[in-house]
Amino acid sequence: MNKQYLDPTLNCSTLVDLLHWRALYQANQPAFTFLLDGDTQQLCLTYGELDRRARAIAAQLQSRQAAGQRALLLYPPSLDYIVGFLACLYAGVVAVPVYPPDPARLNRTLPRLQAIVADAQISHVLTTSPILAMAQQLYEKLHWLTTDHVDEALAEKYKAPEISGSSLAFLQYTSGSTATPRGVMVSHSNILYNEHMIQVAFENVEQTTVVGWLPLYHDMGLLGNVIQPLYLGAHCILMSPMHFLQRPWRWLQAISRYKAHTSGGPNFAYDLCVRKIKPEQRATLDLSSWTVAFNGAEPVRSQTLERFAEAFEPYGFRREALYPCYGLAEATLFVSGGPRLAPPVLFTVRGADLAQGCVTAASAGEKNSQTLVGCGQTWLDQRIVYVDPETCIPTPPNRVGEIWVAGPNVAQGYWNNPEESARTFKAYLADTGEGPFLRTGDLGFLRGGQLFITGRAKDVIIVDGRNIYPQDIELTVEASHPAIRPGCSAAFSIDVKNQEQVVIVAEVDLRRAQELAGKPALESDIAKSVRQAVTEQHDLHPYEIVLLEPQNIPKTSSGKIQRYACRAAYLAGSWE
């Protein structure tokens, strides 16, 4: 570890201290480059420019006596988003990152935004001129501030705020499936400690180049692709998530062009690259610089890792760079990951035993087995324990338990929600009284020092005494027929005459299925294939299978399936 590099940041108690240090000693070094078209057209900011712009906007916020209040960040993916976020920190204002409302889908995006505005008691909105013209009418009583054309001379009027490490930096609203989102209270010390964890685990240094496309309003995009480079004093190249989704090749092209070391995303992103990047495009890539390809935010699948490594090893990618990891907003971001350049750890278990909460190694070729991917170890002083969620007593090594976390990276609680904060952030072990711990709601076990995730407690389906994880069913559904859209299926349970029954919903692409099969795909055939696959692989008989047109299944802002919302839509009869 480079101690000379770490000393300056360890002496900083807030992000504001850290960023002032960067502006003083690295003023002319590139901080962020944003690819406007996802390819070559770009805007750049140095650390000095970033500091001046942030101070100018902060001075405006201070003139409005906004310190201590909450400000909504309503931006498209851009450098303006980063400057606006930092300006809030500089002014002692609590930033609230959100995705701007989509005019074409207001009925789906506006309710969440309205819930956040009400819950956080928003007073100010930072945005750009185009969004102001579109959205100001939605919230006329709020104080709006456009930041895309700022007089940098205002920076001279800025005064450093009276804040400390325990001061609230921002509210990260969880992308969960409940009707009312919860704002995780993240302090400056939470952020600095978690960034130190990431830096040590990834072995990032000042010379590390980062490439990212993740949404900046999401914890992985904000803390992984914005604040980690700032913590390092490194250079980060960013692009819009939409540009990646339109052409996944742009992501790997940027890694190749800028010789990036660290970049990643959820599991679906790697699958998308394998499916969508053509052989002639792969041939133009040099991925030999990529040493940390982190994979998190959703279940990591062994098949995905293997397919991606096989597809891109001829172009310099090393499978040791694959970096499965685990985290959540309530722990700021990062919880676990393996040593850098250690290959992913796989463990094949008996599916029937896992359904009973028991961890048993499967024999080679054994039927109804399941291969799990290890998500690494804990880092620094953070502690992970595995606990029976009912008794609050630690589980033995061969049993699945709820994952509890304790450490300086664990956030302060949920904004304006003391009861839920106490339940989630103040858990104590029943046998020893140790605590407090963060109850993650995720299930897993420890083996060989590796954390293995098996599912989410609140999503577990219990049929005939068996615990069935919906993501396992969804993986089976996706593989059952070529018409099923990848990453667009959901399994959940409903009560039918006092019995738990399973419903499956899946989006279908009939045109793609016809192209692959050479003949039209019938809905009855698709449903039959899904039912047969689920019955054979999980010994489960679905109560109903619902096939939908694309873009109908509710997802979070980060692309996760909202199973709770799917269940609510099904029960309400909202789908055709």
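Sequence order as written defines residue numbering, which begins from 1 separately in each chain. Totals for whole chains, interfaces and linings use all residues, but because this is a predicted model, local features are given only for residues with pLDDT of at least 70 and pairs of side-chain atoms are given and counted only at 80 or more. Hydrogens and water molecules were not included; the side-chain quantities draw on all heavy atoms of the structure.

(A) Broad picture of the overall build of the protein chain. Strands are runs of DSSP state E lasting at least 2 residues, helices are runs of H or I lasting at least 4, and numbering of each runs from the N terminus. Scanning the protein chain from N- to C-terminus turns up 19 helices and 25 strands. A compact globule built from 576 residues would reach a C-alpha radius of gyration of about 25 Å, and the protein chain, at 24 Å, matches this within 12%. Taking the principal axes of the C-alpha coordinates as reference, the protein chain spans close to 70 × 60 × 50 Å. Exposure categories follow from relative accessible area, calculated using a 1.4 Å probe and restricted to protein chains: below 20% of the type maximum is buried, above 50% is exposed, and the middle band is partly exposed. Counting the 576 residues in the protein chain, one finds 57% classified as buried. Working rule for contacts: check all heavy atoms of both residues, and any pair within 4.5 Å makes them a contact. Sequence separation of at least 24 residues holds for 70% of the intrachain contacts in the protein chain that already meet a minimum separation of 6. As presented, the protein chain carries roughly 24,400 Å² of accessible surface, and 50% of it is formed by carbon and sulfur atoms. Of the side-chain charges in the protein chain, 49 are positive and 56 negative, and the distance between the mean point of each set is 2 Å. With the radius of gyration taken over C-alpha atoms, the globule rule is written as 2.2 Å times the number of residues to the power 0.38. Only the protein chains shown count as cover for residues, and all accessible areas are computed by the Shrake-Rupley method using a 1.4 Å probe. Charge assignment: positive for Lys and Arg, negative for Asp and Glu; neither His nor the chain ends contribute. A charge is said to be at NZ when it belongs to Lys, at CZ for Arg, at CG for Asp and at CD for Glu.

(B) Examining the environment of Val 496 more closely. Within the secondary structure layout, Val 496 lies in strand β23 (residues 484-496). Taking the relative accessible area as the measure of exposure, Val 496 reaches 18% and is therefore buried. Counting along the chain gives 327 residues from Val 496 to Ala 169, while the straight-line C-alpha distance between them is 46 Å. When sequence neighbours within four positions are dropped, the list of residues in contact with Val 496 reads Gln 501 and Tyr 543.

(C) Quick look at unusual backbone geometry. For the peptide bond that leads from Gly 435 to Pro 436, omega is 0°, which places it in the cis range. Structurally, Pro 436 is set in the loop between α15 (418-425) and β19 (438-447). Unlike most non-glycine residues, Asn 416 shows phi in positive territory, near 55°. Overall, Asn 416 belongs to the exposed group, its relative accessible area being 56%.

(D) Up close: the sheet that holds β19. Think of it this way: DSSP has to see at least two bridges between two strands before they count as a pair. The antiparallel open sheet is built from four strands, whose spatial order is β17-β18-β19-β20. Bordering the open sheet on either side are β17 (383-387) and β20 (450-456), each of which pairs with just one other strand. With strand direction ignored, the average angle separating the axes of adjacent strands in the sheet is 50°. When strand β18 (residues 401-406) meets β19, the two strands line up antiparallel, connected through four bridges. The residue of β19 that forms the bridge with Gly 401 is Gly 444. Axes, fitted as lines to C-alpha atoms, cover a helix only where it is in contact. Angles between the N-to-C directions of the axes lie from 0 to 180 degrees.

(E) Looking closely at the environment of Leu 50. In this fold, Leu 50 is placed in helix α3 (residues 47-63). A sequence separation of 342 residues divides Leu 50 from Cys 392, and the C-alpha atoms of the two residues are 47 Å apart. Discounting residues that sit within four places of it in the chain, Leu 50 has contacts with Ala 31, Phe 32, Leu 45, Ile 82, Val 83, Leu 86 and Leu 230.

(F) Fine view of the nonpolar core. Buried residues of nine kinds, namely Ala, Val, Leu, Ile, Met, Phe, Trp, Tyr and Cys, make up a nonpolar core once their side-chain atoms join them within 4.5 Å. Ranked by size, the top nonpolar core spans 118 residues in total, and within it Phe 32, Trp 251, Leu 252, Trp 290, Phe 308 and Phe 312 carry the most contacts. It is helix α4 (residues 79-91) that provides the largest number of residues to this core, a total of 11 residues. Discounting chain neighbours no more than four positions away, the residues touching Leu 252 are Cys 273, Ile 277, Leu 285, Leu 287, Trp 290, Phe 308 and Phe 312. In this structure, Leu 74, Val 94, Val 96 and Leu 110 belong to the second largest nonpolar core, which totals 22 residues.

(G) Fine view of the pattern of salt bridges. Any Lys or Arg side-chain nitrogen located within 4 Å of an Asp or Glu carboxyl oxygen qualifies as a salt bridge. Applying the stated criterion to the full structure yields 18 salt bridges. With a closest N to O distance of 2.9 Å, Arg 319 and Glu 313 form a salt bridge. On the basis of relative accessible area, Glu 313 is assigned to the partly exposed category, the value being 33%. When the shortest N-O distance is used, the salt bridge between Glu 434 and Arg 383 registers 2.7 Å. Linking Glu 434 in the loop between α15 and β19 with Arg 383 in strand β17, this pair joins segments that are 51 residues apart in sequence. Salt bridges here are not isolated pairs; linked through shared partners, they connect Asp 39, Arg 247 and Arg 250.

(H) Representation of helix α8 (residues 219-232). The buried fraction of α8 amounts to 14 of the 14 residues, a majority that puts the element mostly inside the structure. Taken from the residues just after α8, Gly 233 is the one with a positive phi, measuring 75°.

(I) Region of interest: the pairing of β18. Most of β18 sits inside the fold, with six of its six residues counted as buried. Summarising the sheet, β17 and β18 pair through five bridges and their orientation is antiparallel. Paired with Ile 384 across the two strands is Val 405, which belongs to β18.

(J) Fine view of the environment of Trp 249. With respect to the element layout, Trp 249 can be found in helix α10 (residues 249-258). For the pair formed by Trp 249 and Lys 278, sequence separation is 29 residues and the distance between their alpha carbons is 8.5 Å. The contacts of Trp 249, once residues within four sequence positions are left out, are Ile 277, Gln 281, Thr 284 and Leu 285. A distance of 3.4 Å separates the side chain of Trp 249 from the backbone oxygen of Gln 281, its partner in a polar contact. Identification of polar contacts relies on pairs of N or O atoms within 3.5 Å, with a donor-acceptor requirement for protein atoms, meaning one able to donate a hydrogen and the other able to accept it, and with residues adjacent in sequence counted only if both atoms are side-chain atoms.

(K) Main features of the packing of helix α2 (residues 15-25) against α8. Where α2 meets α8, the axes come as close as 9 Å, and the angle between the chain directions of the two elements is 60°. Between α2 and α8, the crossing angle belongs to the class labelled oblique. Judged by the twist between their axes, the crossing of α2 over α8 is left-handed. Two secondary-structure elements touch here, α2 through Leu 15, Leu 18, Leu 19 and Arg 22 and α8 through Ile 227, Leu 230, Tyr 231 and Leu 232. Residue polarity is assigned by list, with Asp, Glu, Lys and Arg as charged and Ala, Val, Leu, Ile, Met, Phe, Trp, Tyr, Cys and Pro as nonpolar; anything else, Gly included, falls into the polar class. Of the residues assigned to the contact of α2 with α8, the class counts are seven nonpolar, no polar and one charged. Reported orientations rely on four angle classes, namely roughly parallel under 35 degrees, roughly antiparallel over 145, roughly perpendicular from 65 to 115, and oblique for the rest. With the far helix as reference, a near helix turned anticlockwise by less than a right angle produces a left-handed crossing, and one turned clockwise produces a right-handed crossing.

(L) View of the confidence of the model for the protein chain. Per-residue pLDDT for the protein chain has a mean of 91; in total, 94% of the residues score no lower than 70. Across the chain, each position has a pLDDT score giving the predictor's confidence in that residue, from 0 to 100. Taken together, the stretch residues 1-8 has pLDDT below 50 and engages in 11 contacts with residues farther than four places along the chain or on a different chain.

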